[in-house]
Each structure stands twice: as structure tokens, then as C-alpha cells.
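Here is what each chain is made of, one letter per residue.
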Amino acid sequence: MDRAKMMILDFGGQYKQLIARRIREMQVYSEIKPYNISLDEIRNSGAEGLILTGGPNSVNAADALLPDPRIFELGIPVLGICYGAQVMAKMLGGEVSRPDHSEYGKVEVKVDSSSPLFKDLIPESSAWMSHFDAVTRLPEGFRITAQTPTCPIAAMENQERRLYATQFHPEVRHTPDGDKMLAHFVFDICGMKANWKMDHFVEDQIRKIREQAGNSKVLCAMSGGVDSSVAALMVHKAIGKNLTCVFVDHGFMRKDEGDSVEQIFRRQFDVNLIRINAQDRFMARLKGITDPEQKRKIIGEEFIRIFEEQAAAFADCDYLVQGTIYPDVIESGIGGAVIKSHHNVGGLPEDIKFKGLIEPLRDLFKDEVRKAGLELGLPEDMVWRQPFPGPGLAIRVIGELTPEKLHILREADAIFREEIKKAKLYKDIGQYFTVLTNMRSVGVRGDERTYDYTLALRAVTTGDFMTADWARLPYELLAQCSSRIINEVPGIGRVVYDITAKPPATIEWE
């Protein structure tokens, strides 16, 4: 399928994923590539526009990250943002230096509405700045199109060459007109059409899976989460009974989730599914362990051992399916900075021999994975299932894991999720869950003293999970959750609500 494509060149910017998401929200396909991608690859990609991201470095440094200078001669529009704007200025003969005043946060900006980038925008608005260097002399043929009180060249352009740059960040929500600016670049300047639609993607991907797998046998390691479930169903739609899914149930899933996964895939979609109930095996390995990192490593290692044992029985499988999604790929070091090593299905070892990988979701963000799941016919409850760490409830129980603690947490978590759904807030909150602390406190039930666990409720709002704020849940909802949990779940004597943002905290407690 022919589709419009925006290529984003990454210079290590913290907002690169936001840029890609904003473009895709306009139904235009975007992909992130390293800043030093070859000119031939750009030409052959069919990209109709380039965006240069921000970055933490200085273009004047000896080891500055700089692209092939010929990208400005390709004849396709280029938008430089922050560091990307400085790259454009520096490489085209302008000057970048460190002024007396840096800018961080929201600033007042005046834009020239005669610029195609700022068409129909009010002249005075605000924008999000985050820079210490700035463009201090324009390249030849450019003109200034925006200014702030301390940044005389907050934006510049050369309309004839279709080169545009902003020192501020239009991709963040703190720039109120940022979406309009990006839309002007995508549709008016680049001339792209909105043709990135999920139904097209699903059809296209199923066709590609058929071409890749042919008549080969394929194995999928399922966690029961959204990503692996959508990937498995997409491959099943492509090759049917040639796919076998191995669902390793470590016993740390939420209430009834393991049974739900099995029922949906076996009964509703007739998928070849092997469920390995390994709760006792995992619990035995975790006996006496309290450190969360040890828990993670033990669970990951045991998952690998179990999958190795199962994979040995499927030696005729040529391909392995993984639920890799686009943030996994980006975090693995596109653009040079490794945020975390990319690993799926518990970090499968390299010596499990397969002809290749099938990763049908590697171009999608999380919200797009959900749309694909709905397009494939997965139930809404499964598609909108809350993000869940690989070790599951094992790291939401503080301290040593016991069957009693797991039961307490499952029941409390089910109540919290049920009340959020009844309040119709489940699509508005980025993530919500419960944590069973290792702290006990005194209470009273009837006329008797109790000494039970304290349970923490956690709910956050977030667009990208890189930062998050605590969700302002209605007091009535919190009261209802607390009342039900205290009265319905023996072992819990106190309920607290976590009101810490990320940063400084993380979303998960452990």
C-alpha cells in the first residue's frame, strides 16, 4: 500500500517519540531513523518530508552529531526542531552560539503568520523551550519568522528551498498551537495525505506475514499481555494452524486473566495454544526472596528455562513471533542512546535456533497496538487491559511472596479495576493498579483489634509513560474503593493513595 511517509532523524532528543506520535495522530505514517542514515536510504524510503529532532549536544562540539549535509539538497521539505534547527543553521552557513540567557519551559513567542508554518495562527502565543545554544546568525536566504524576549531567532525559514526551523518544541502540549504548526508542515508544505489507517495496516501486515512464513511452522511465546496477544492473533489470521502459541503462566497474573486468555484464544479464535501452569515452580524459586531485582531476574530466568523446554518439542518451527512494539525498538538505541536493552518474552537466549523473527507490531505505538487489536476482533476488555510488568504481581507484593499475599492483592486489584471501569475512567487513566505493602498497622473490626496489611492504590495519567502525573480520582470513587477493599478482602486494614509523579518516582513501586 502506498502511503505518505514522514522520516524523523533522531539526534538523541527526549521528545522524538512525541514527534512521531503527533504525526501519526494526523493519519500520516512516520518513522524514526538515526541522524546519520545514508542519503540513499532516505531517497529509497519514499519519504516526503524530514524532521530533525532536538538533542542534548552542541552543534559546535568537536563530536557533534551531524547528518549528511546533502539532506538539504534532496528537494523534500525539512523541519528542524531545537537542536535540529541549530543543525540546519550551522550546516547552511549560519551561526550558532551560546547567548547570555538560556530558555527552559514555557515562554511567550511572537510568530509571523505570513509564514506557511504559522498560517492563521495568532501572532502572540506561548511555546516550550529547552536549549542553551541558539541560532545567532541566519544562513543565507533565510528569514526570521518567530521571536521570544530572549531569543531573536526563535524560528526561521527559506520558503524557496522549503526549509523550516523552530528553536521551540511544537510537538509538546505546552506549545498550544504546536499541532497546527506540525499540520501545516505535513499537509501544506509537504503536501502529504492522511492515509495511515489501522485497517490498512492490519491487512498489509497479514499479507507480509504470509509472504515471510509461507508454509513454515511458527512458534509464539505469549505472556497474555496486549502486545503478545495482538501479535499472536495477527499471525494466526495470516497462517492459521501453522502457528502454535506457548502461554507460560507464572502464576502472577491478575484475577482470572490466565483463564480469560486461554478461553479467548482457544474458543473464540481456535488458536493452537499450549498453557503451561508453572505457578508452583516459580513460587519455589522465589521462596525467601525479598529484593525486587532478584525477583525479576529469577522470574526471567525461569521463564527462559521453561520456554527452552517447550521449544525443544517444536524443532520444526522456523520462525518465532515476538510482540515487539516501536518504543522497544527506539529504546534499544536508534540514534545511538540505549535506554534499555530490547528483550521480549523474558529475554529468550540466542541459542534457540530459528530461521527468523516475525514482529508484526514493531512499527506501532501502544495506542496503535490497541487499535489493531480491535480491528482484529479482540474483545475490548482484553485490548484495554492495563499495562502489566513481565514479573506481574510478584513485584507488586513488597517483600517475600506467599500464596496468601498474592490472593489478597488479586482480590483488591480486581475491586479497584472494577470500580474504575464502573466510573467510565478506564480509558482516561494511563495506568492504575494496587500494591500490597509489607507494612502492617493496627485497626479495629467490631470490638476486636486487627493488625493487617496496608494496601496502596496507584493511578497515573500519561501520554508516553516517560513522565506521568498522579490521577486526580474523585474522592467518592476513592472512598468506594477503600470501603469495598476493607470490607471484602480479609487481611487488609488500611488503604492509601499514592500521589507521587514520575519523576521523581517511577510508575511501579518496584
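Per chain, the residues get numbers from 1 upward, laid out in the order the sequence is written. Given that this is a predicted model, residues contribute local features only at a pLDDT of at least 70 and side-chain atom pairs are listed and counted only at 80 or more, while totals for whole chains, interfaces and linings are drawn from all residues. Water and hydrogen atoms were dropped before computing side-chain values, which therefore reflect all heavy atoms in the structure.

Novice: Even after reading the chapter, I still don't get the overall build of the protein, so can you show me in this structure?
Specialist: Going along the chain from the N terminus, every DSSP run of H or I of four or more residues is numbered as a helix, and every run of E of two or more is numbered as a strand. The helix and strand tally for the protein stands at 14 helices and 20 strands. Each radius of gyration is computed over the set of C-alpha atoms, and the globule rule expresses the reference value as 2.2 Å times the number of residues to the power 0.38. Computed over the C-alpha atoms, the radius of gyration of the protein is 26 Å, within 12% of the 24 Å expected from 2.2 N^0.38 for a compact globule of 510 residues. Along the three orthogonal principal directions, the C-alpha set of the protein runs to about 80 × 65 × 40 Å. For the protein, the accessible surface area stands at approximately 22,400 Å², while carbon and sulfur atoms represent 48% of it. Residue exposure ignores everything except the shown protein chains as possible cover, and the areas themselves are Shrake-Rupley values with a 1.4 Å probe.

Novice: Any chance you could explain helix H8 (residues 279-286) here in plain terms?
Specialist: Helical geometry note: an α-helix holds 3.6 residues per turn, so side chains three or four residues apart project in the same direction. For H8, the complete set of buried residues consists of Phe282, Met283 and Leu286. Looking straight down H8, one finds that the buried residues subtend no more than 100° of arc, so they occupy a single side. Seen from the buried face of H8, the exposed residues on the opposite side, beyond 90 degrees, are Asp280 and Ala284. Pairs of residues are marked as contacts when any of their non-hydrogen atoms sit within 4.5 Å. On its buried side, H8 packs onto strand S13 (243-249), helix H9 (292-311) and helix H13 (403-422). Note on H8: the residue one or two positions beyond its end, Gly288, has a positive phi of about 85°. Burial status follows relative accessibility: with a 1.4 Å probe on protein chains alone, a residue under 20% of its type maximum counts as buried, one over 50% as exposed, and anything between as partly exposed. Each direction from the helix axis to a C-beta atom contributes to the arc, which is the arc of those directions.

Novice: Is there a simple way to explain the nonpolar core in this structure?
Specialist: The tendency in soluble globular proteins is for nonpolar side chains to be buried as a group. Only buried Ala, Val, Leu, Ile, Met, Phe, Trp, Tyr and Cys residues count toward a nonpolar core, and they belong to the same one when joined by side-chain atoms within 4.5 Å. Core analysis: the largest hydrophobic core is formed by 50 residues, its most contacted members being Phe252, Leu457, Leu473, Ile485 and Ile492. In this view, Leu473 contacts Phe416, Ile420, Leu425, Ile429, Ala459, Leu478 and Tyr497; residues no more than four positions away in its chain are not counted. Core analysis: the second largest hydrophobic core is formed by 42 residues, Val230, Ala232, Cys245 and Leu273 among them.

Novice: Just checking my understanding: could you explain the packing of aromatic side chains for this structure?
Specialist: The description of two aromatic rings rests on the distance between their centres and on the angle between their planes. When the centres of two rings from Phe, Tyr and Trp lie within 6.5 Å, Trp using its six-membered ring, the rings pair. Their planes under 30 degrees apart give stacked, over 60 give edge-to-face, and anything left gives tilted. Within the structure shown, the criterion is met by nine aromatic pairs. Taken together, a centroid distance of 6.4 Å and an interplanar angle of 55° make the contact between Phe265 and Phe269 tilted. The rings of Phe11, Tyr35 and Tyr83 are connected pair by pair, giving a single aromatic cluster. Both a distance and an angle decide whether a charge sits over a ring: NZ of Lys or CZ of Arg must be within 6 Å of the ring centre and within 35 degrees of the ring normal. The residue whose ring lies beneath Arg21 is Phe365, and the NZ or CZ to ring-centre distance is 5.4 Å.

Novice: Help me understand the pattern of salt bridges, please; the structure alone is not making it clear to me.
Specialist: Once the charged atoms of two side chains with opposite charge are near each other, the side chains can pair. Each salt bridge in this description consists of a side-chain nitrogen of Lys or Arg and a carboxyl oxygen of Asp or Glu lying within 4 Å of one another. Taken as a whole and judged by the stated rule, the model has 44 salt bridges. The partner of Glu368 in a salt bridge is Arg24, and the shortest N-O contact between them spans 2.6 Å. Here Glu368 is found in helix H11 (residues 366-376), whereas its partner Arg24 is found in helix H1 (residues 16-25), with 344 residues between them in sequence. Assigned by exposure class, Glu368 and Arg24 land together as buried. When the shortest N-O distance is used, the salt bridge between Glu293 and Arg296 registers 3.7 Å. Note that Glu293 and Arg296 are positioned in helix H9 at a spacing of three residues, about one turn of the helix. Overall, the relative accessible area of 29% leaves Arg296 in the partly exposed class. Bridged by salt links that share partners, the residues Asp249, Asp259, Glu262, Arg266 and Arg275 form one connected network.

Novice: Before we go on, may I ask you to explain the environment of Ala85 in this structure?
Specialist: Structurally, the position occupied by Ala85 is in helix H3 (residues 83-91). The exposure class of Ala85 is buried, given its relative accessible area of 3%. Each C-alpha atom, one on Ala85 and one on Tyr497, is 43 Å from the other, the two residues being 412 residues apart in sequence. Apart from residues no more than four positions distant in its own chain, Ala85 is found in contact with Gly80, Val135, Met156, Ala165, Thr166 and Gln167.

Novice: Before we go on, may I ask you to explain the sheet that holds strand S4 (residues 78-81) in this structure?
Specialist: DSSP-based pairing: two strands are paired if at least 2 bridges between them are found. Overall, mixed pairing links the nine strands, which are arranged S2-S1-S3-S4-S11-S10-S9-S6-S7 in an open sheet. For this open sheet the edge positions go to strand S2 (29-34) and strand S7 (124-131), each flanked by a neighbour on one side alone. Shown here is a sheet whose adjacent strand axes are inclined to one another by a mean of 30°, direction ignored. In this sheet, strand S10 (residues 151-158) lies alongside strand S9 (residues 143-148) in antiparallel orientation, the contact comprising four bridges. Bridging across to S10, Ile144 finds its partner in Met156. Where helices are involved, their axes are fitted lines through C-alpha atoms of the stretch in contact, as for all axes, and angles between N-to-C directions lie from 0 to 180°. Contacting strand S1 (5-10), S2, strand S3 (49-52) and S4, H1 crosses the sheet at an angle of about 160° to S2.

Novice: Can you help me understand unusual backbone geometry in this one?
Specialist: Glycine aside, negative phi is the norm for most residues, and most peptide bonds take the trans geometry. Residue Lys502 is joined to Pro503 through a cis peptide bond whose omega torsion reads -15°. Considering the arrangement of structural elements, one finds Pro503 in the segment after strand S20 (492-497). The step from Pro503 to Pro504 runs through a cis peptide bond, and the omega angle for that step is 10°. In this structure, Pro504 sits in the segment after S20. A positive phi angle, close to 65°, is found at Gln27, a residue other than glycine. Structurally, the position occupied by Gln27 is in the loop between H1 and S2. The class of Gln27 is partly exposed, set by a relative accessible area of 35%. In this structure, Asp256 is a non-glycine residue whose phi angle is positive, near 70°. Take Asp256: it is sitting in the loop between S13 and helix H7 (257-268).

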